[in-house]
Amino acid sequence: MRINFELDEDIQLKQLQSSDASPLYSLINSNREHLNEWFVWVNKTQSPQDGNTFISSTIEKYEKTKALECGIWYKHQLVGVIGMRYVDMTLKSTEIGYWLGESFEGKGIMTKSVKRMLAYAFKELQLHKVEIRCAEGNRRSQAVAERLNFVKEAMLRDNGYINGRYHNQLVYSLLENEYEG
Ligand SMILES: CC(C)(COP(=O)(O)OP(=O)(O)OC[C@H]1O[C@@H](n2cnc3c(N)ncnc32)[C@H](O)[C@@H]1OP(=O)(O)O)[C@@H](O)C(=O)NCCC(=O)NCCS
């Protein structure tokens, strides 16, 4: 059964499923410039089928490791994605990645969504460490991590290559004993 977290009366996180491929593609398509600044996969996404391939891979990943990938729904509209890139059961760690359509920024949707994913990671999966990685120039993403008291633990030099240039990557993390629930 599809996992569904109700955050408040407006925001829901729903595990991605194949019927989301079409709205997901439309959202990416109308936010190409916004997303292309930070993600290499945007240019490679050229049809709803590409969205479907991504969604199938997330379902497979969930079945193997419980690494959850969700659509973010705001007022019944798909407005973004949040998910775990992997779950490492030996280290009990994960990395959370996310994005929103540009017109849905500035409302606190992502901070609330990450908070819910933290509850899933620490309480349900009983993980020890959650990471957020973002480009050094991505102030909005850094602000999400900092708002939730993640600790900036490293800067990886030239660890991303987007739009023809390298950029430094910041690693933020939160440990289970720092998580306040
Ligand atoms: C990164 C990204 C998700 C951040 O989005 P965001 O809207 O800034 O983050 P939130 O949804 O948490 O909203 C925070 C903003 O809402 C405001 N806000 C309103 N109500 C709020 C609430 N209840 N809680 C928190 N913030 C709230 C905050 O003050 C903040 O506004 P500000 O930017 O004017 O300071 C978005 O910029 C994005 O998708 N960018 C492109 C893709 C990307 O970079 N992804 C991350 C790659 S590492």
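Residues numbered from 1 in each chain as written. Predicted model: local features only at pLDDT ≥ 70, side-chain atom pairs only at ≥ 80, totals over all residues. Heavy atoms only, no water.

Asker: Describe the overall build of the chain, with residues and values.
Answerer: If you tally the helices and strands in the chain, you get 6 helices and 8 strands. From first element to last, N terminus to C terminus, the chain shows the α and β order β-β-α-α-α-α-β-β-β-α-β-α-β-β. Here the C-alpha radius of gyration of the chain, 16 Å, is about what a compact globule of 181 residues would show, namely 16 Å. Its C-alpha atoms give the chain principal-axis dimensions of about 40 × 40 × 30 Å. Per-residue burial for the chain yields a buried fraction of 48% across its 181 residues. Long-range contacts, defined as pairs at least 24 residues apart, comprise 59% of the intrachain contacts of the chain with a sequence gap of at least 6. (Helix = DSSP H or I, 4+ residues; strand = E, 2+ residues; numbered from the N terminus. Rg over C-alpha atoms; globule rule 2.2 N^0.38 Å. Buried < 20%, exposed > 50% of the residue type's maximum accessible area, 1.4 Å probe, protein only. Contact = heavy atoms within 4.5 Å.)

Asker: Please set out the side chain of threonine 58 residue by residue, giving values where relevant.
Answerer: Secondary-structure assignment places threonine 58 in helix α4 (residues 48–65). Taking the relative accessible area as the measure of exposure, threonine 58 reaches 3% and is therefore buried. Excluding anything up to four places from it in sequence, threonine 58 contacts Leu16, Ala67 and Glu69.

Asker: Could you give an account of the nonpolar core, with specific residues and numbers?
Answerer: Taken as a class, soluble globular proteins show a tendency for nonpolar side chains to be buried jointly. In this structure, Ile72, Ile82, Val114, Leu118 and Phe150 are the most contacted members of the largest nonpolar core, which totals 40 residues. Among the secondary structure elements, those contributing two or more residues to this core are β2 (11–15), β3 (69–74), β4 (77–88), β5 (93–100), α5 (109–124), β6 (129–135), α6 (139–147) and β8 (165–175). Excluding residues within four positions of it along the chain, isoleucine 82 makes contact with Leu13, Leu68, Glu69, Cys70, Ile72, Ile96, Gly97, Tyr98, Met110, Ser113, Val114 and Met117. Within the second largest apolar cluster, 12 residues are counted, among which are Leu16, Leu24, Leu78 and Trp99. (Core = buried A, V, L, I, M, F, W, Y, C linked by side-chain atoms within 4.5 Å.)

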